[in-house]
Amino acid sequence: MSNIIELRKLNKSYNTGAGNIHVLKDLDLYIKKGEFLSIMGKSGSGKTTLLNILGLLDDFNSGEYIFNGEDITNFNEKRRSNFRNENIGFIFQQFHLIQSLDIYKNIELPLLYGSKKYDKSEIDRKIKEKLKEVGLIDKIHNRPFELSGGQQQRIAIARALITDAPLILADEPTGALDSRTSQEIMDLLVQLNNEGKTIAMVTHDPDLKKFTTRDIFLSDGEFIEGGI
């Protein structure tokens, strides 16, 4: 199976008042299409920085980034933004839903900001289709604050799916949820993975390894074998 992501000799540093902090060090990472990958490590290991780079939300200092065979290393901000919107869906620990908008409009947002244009009937069809997938079509006119944490995360997943992006990036997707709701969210992610989505998930919870197809471990910006 071919790779959806190839990172080669990736380095990321921050300049601070205390000097230069080398966060990611010569990382090589290959993610195959259809994988469900977890990126694990202690706080400060660099895992969220790595996820942000994968999602084109953060720059890196040196190295190469190949996505689905295309070298996107030197994309400018506009090309990165368009590419990100069409190819990558995001799920965050705190959901990042806009409380003043109803569920319909929250899910619609990625369609409005992408370079591809949709007519109103197609937008309506896609939103309802994704809400049915996550089991919340009846909440289409609710506001996020009217929903439980688990329901809000399902809405966030629907939003991540709305552009039919091949890659889903999840940053601690169960971190704000109780154990029963966490199980439901992970079951949904496994279902999406079984349907062909590639998923890369940052987590500090080793119990989530039972849901994934491969696990990698970061420590002080470098991959280590076998554990945190």
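Here, the structure is the one placed above.
Residues numbered from 1 in each chain as written. Predicted model: local features only at pLDDT ≥ 70, side-chain atom pairs only at ≥ 80, totals over all residues. Heavy atoms only, no water.

Trainee: What exactly am I supposed to notice about helix α6 (residues 179–194) here?
Mentor: Each α-helix winds once per 3.6 residues, and so residues spaced three or four apart point in a common direction. The end-to-end C-alpha distance of α6 is 22 Å, a good match for the 22 Å that 16 residues give at a rise of 1.5 Å each. As for α6, its buried residues are in contact with β3 (36–40), β6 (88–92), α4 (120–133), α5 (149–161) and β8 (198–203). The backbone nitrogen of Arg180 has a side-chain oxygen 3.2 Å away, supplied by the residue at the start of α6, namely Asp178. Of the residues trailing α6, Gly196 is marked for its positive phi of about 115°. (Helix = DSSP H or I, 4+ residues; strand = E, 2+ residues; numbered from the N terminus. Expected span 1.5 Å × (residues − 1). Contact = heavy atoms within 4.5 Å. Polar contact = N/O pair within 3.5 Å; in protein donor to acceptor, adjacent residues only side chain to side chain.)

Trainee: Could you clarify how one ought to interpret α5 in this entry?
Mentor: Taking 1.5 Å of rise per residue, the 13 residues of α5 would be expected to cover 18 Å, and the 19 Å separating its terminal C-alpha atoms lies within 8% of that figure. In terms of burial, α5 is largely enclosed, as 11 of its 13 residues are buried. Within the span of α5, buried status applies to Gly150, Gln152, Gln153, Arg154, Ile155, Ala156, Ile157, Ala158, Arg159, Ala160 and Leu161. In this fold, the buried residues of α5 make contact with β6, α3 (103–113), α4, β7 (167–171) and α6. (Buried < 20%, exposed > 50% of the residue type's maximum accessible area, 1.4 Å probe, protein only.)

Trainee: How should the sheet that holds strand β1 (residues 3–16) be read in this particular structure?
Mentor: Where strands meet in a sheet, backbone hydrogen bonds hold them as pairs that are either parallel or antiparallel. Taking strand neighbours across the sheet as the criterion, the 4 strands line up as β2-β1-β4-β5 in an open arrangement whose pairing is antiparallel. Lying at the two open borders of the sheet, with one neighbouring strand each, are β2 (19–32) and β5 (70–71). Summarising the sheet, strand β4 (residues 62–67) and β5 pair through 2 bridges and their orientation is antiparallel. Pairing of Phe67 across the sheet is with Glu70, part of β5. (Pairing = 2+ DSSP bridges.)

Trainee: Would you mind showing me how to read the environment of Ile103 here?
Mentor: Looking at the secondary structure, you find Ile103 in helix α3. Classification of Ile103 as buried rests on a relative accessible area of 0%. The spacing of Ile103 and Ala156 is 53 residues in sequence and 9.5 Å in space, taken between C-alpha atoms. Apart from residues no more than four positions distant in its own chain, Ile103 is found in contact with Leu131, Lys139, Ile140, Asn142, Arg143, Pro144, Leu147 and Ile155.

Trainee: Is there a simple way to think about the nonpolar core in this case?
Mentor: Within the largest apolar cluster, 34 residues are counted, with the highest numbers of intra-cluster contacts made by Ile107, Leu131, Ile155, Ile157 and Leu189. Elements represented by at least two residues in this core include exactly α3, α4, α5, β7, α6 and β8. Listed in part, the 30 residues of the second largest apolar core include Ile53, Phe67, Leu167 and Leu218. (Core = buried A, V, L, I, M, F, W, Y, C linked by side-chain atoms within 4.5 Å.)

Trainee: Help me out: how do you make sense of the pairing of β2 in this one?
Mentor: Moving residue by residue along a regular strand, the side chains alternate between the two faces of the sheet. The pairing of β1 with β2 spans 10 bridges and is classified as antiparallel. Bridge pairing in β2 links Lys12 to Leu24. The hairpin formed by β1 and β2 contains 2 residues between the paired strands.

Trainee: Teacher, can you tell me more about the packing of α5 against α6 here?
Mentor: The description of two helices packed together rests on the angle between their axes and the distance between the axes. For the pair α5 and α6, the least separation of the axes is 10 Å and the interaxial angle reads 15°. By the angle between their directions, the pair α5 and α6 is classed as roughly parallel. As α5 runs across α6, the sense of the crossing is right-handed. Contacts from Gly150, Gln153, Arg154, Ile157 and Leu161 of α5 reach α6 at Thr181, Glu184, Ile185, Leu188, Leu189 and Leu192. Classifying every residue of the contact of α5 with α6 gives 6 nonpolar, 3 polar and 2 charged. (Axes fitted to C-alpha atoms, helices over the stretch in contact; angles between N-to-C directions. Parallel < 35°, antiparallel > 145°, perpendicular 65-115°, else oblique. Left-handed = near helix turned anticlockwise from the far one by under 90°. Nonpolar A, V, L, I, M, F, W, Y, C, P; charged D, E, K, R; others polar.)

Trainee: Just checking my understanding: could you explain the pattern of salt bridges for this structure?
Mentor: Side-chain pairs of opposite charge can arise whenever the charged atoms involved come near each other. What the rule picks out here adds up to 16 salt bridges. A salt bridge links Arg8 to Glu6, with the nearest nitrogen and oxygen atoms 2.4 Å apart. Since its relative accessible area comes to 29%, Arg8 is described here as partly exposed. Residue Lys9 pairs with Asp28 through a salt bridge whose shortest N-O separation is 3.8 Å. Separated by 19 residues along the polypeptide, Lys9 in strand β1 and Asp28 in strand β2 bring together distant segments of the chain. It is possible to trace a salt-bridge network through shared partners that takes in Glu122, Arg125, Lys126, Glu129, Lys130, Glu133 and Asp164. (Salt bridge = Lys/Arg side-chain N within 4 Å of Asp/Glu carboxyl O.)

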